[in-house]
Amino acid sequence: MSDIYKSKSAGIIRGLIPAELPLFRSWLNRDSVNDMRLLRLFDFYAAHFRNANAGSVTKEEAWKSVNGKLKFNDMKFRYLNADLVTRLEEFLVYRRTNEIQRLREEIISAELGS
């Protein structure tokens, strides 16, 4: 098994519930052109990390899914992967913050309704 399966991005993606996958895709797709590369990397990872029958994958294969025939560059791949981890973490904070806000509003509404 490749060390890519032990990465932080792999752990976060495996931890997302199925309903969060399309939400993250649209959340990621809201901004800049660079996010398209992150989106392709996320799609590649999601297909492999969440599928038990997908087999092992290498960094080079992940790079190729994002950059096509461009020669593999380990440092650029690490930066891209770090960017994806950052965006995944931002998404988790965003989701949890919204959940807390909804819960807060429900509690206030219930208390005021009593």
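Here the structure is a predicted model, which is why all the values come from computation and not from measurement.

K.L.:
Is there a simple way to think about the pattern of salt bridges in this case?
P.N.:
Where side chains of opposite charge bring their charged atoms close, a pairing between them can arise. The tally for this structure, following the rule as stated, stands at eight salt bridges. Residues Glu-20 and Arg-96 are paired through a salt bridge, measuring 3.0 Å at the closest nitrogen-oxygen approach. Of the two residues, Glu-20 is situated in helix H2 (residues 20–28) and Arg-96 in helix H5 (residues 74–113); the sequence distance between them amounts to 76 residues. The class of Glu-20 is buried, set by a relative accessible area of 2%. Judged by relative accessible area, which is 35%, Arg-96 ranks as partly exposed. Between Asp-74 and Arg-78 there is a salt bridge, and its shortest N-O distance comes to 2.6 Å. With Asp-74 and Arg-78 both in helix H5, this residue pair falls four residues apart, about one helical turn. Judged by relative accessible area, Asp-74 falls into the partly exposed class, the value being 26%.

K.L.:
Got a minute to help me understand the nonpolar core in this structure?
P.N.:
Within soluble globular proteins, side chains that are nonpolar generally end up buried alongside one another. Counting 28 residues, the largest nonpolar core has Phe-42 and Tyr-45 as its most contacted members. Of all the secondary-structure elements, those providing two or more residues to this core are helix H1 (8–15), H2, helix H3 (34–49), helix H4 (59–67) and H5. Counting residues per element, this core draws most heavily on H3, at eight residues. Apart from the residues lying within four places of it in its own chain, the contact partners of Phe-42 are Ile-13, Leu-16, Leu-21, Phe-24, Arg-25, Leu-84 and Leu-88.

K.L.:
Would you take a moment to explain the packing of aromatic side chains for this structure?
P.N.:
What describes a pair of aromatic rings is the distance from one ring centre to the other and the angle between the planes of the rings. Scanning the entire structure with this criterion turns up eight aromatic pairs. Measuring from centroid to centroid gives 5.3 Å for Phe-24 and Phe-91, while their planes differ by 75°, and the two rings are edge-to-face. Remark: Phe-91 occurs in helix H5 and Phe-24 occurs in helix H2; sequence separation between them is 67 residues. The class of Phe-24 is buried, set by a relative accessible area of 0%. Residue classification places Phe-91 among the buried residues on the basis of a relative accessible area of 1%. Taken together, the ring pairs in this structure connect Phe-24, Trp-27, Phe-42, Phe-91 and Tyr-94 into an aromatic cluster.

What counts, and at which threshold
Residues numbered from 1 in each chain as written. Predicted model: local features only at pLDDT ≥ 70, side-chain atom pairs only at ≥ 80, totals over all residues. Heavy atoms only, no water. Salt bridge = Lys/Arg side-chain N within 4 Å of Asp/Glu carboxyl O. Helix = DSSP H or I, 4+ residues; strand = E, 2+ residues; numbered from the N terminus. Buried < 20%, exposed > 50% of the residue type's maximum accessible area, 1.4 Å probe, protein only. Core = buried A, V, L, I, M, F, W, Y, C linked by side-chain atoms within 4.5 Å. Contact = heavy atoms within 4.5 Å. Phe/Tyr/Trp six-rings, centres within 6.5 Å; stacked < 30°, edge-to-face > 60°.

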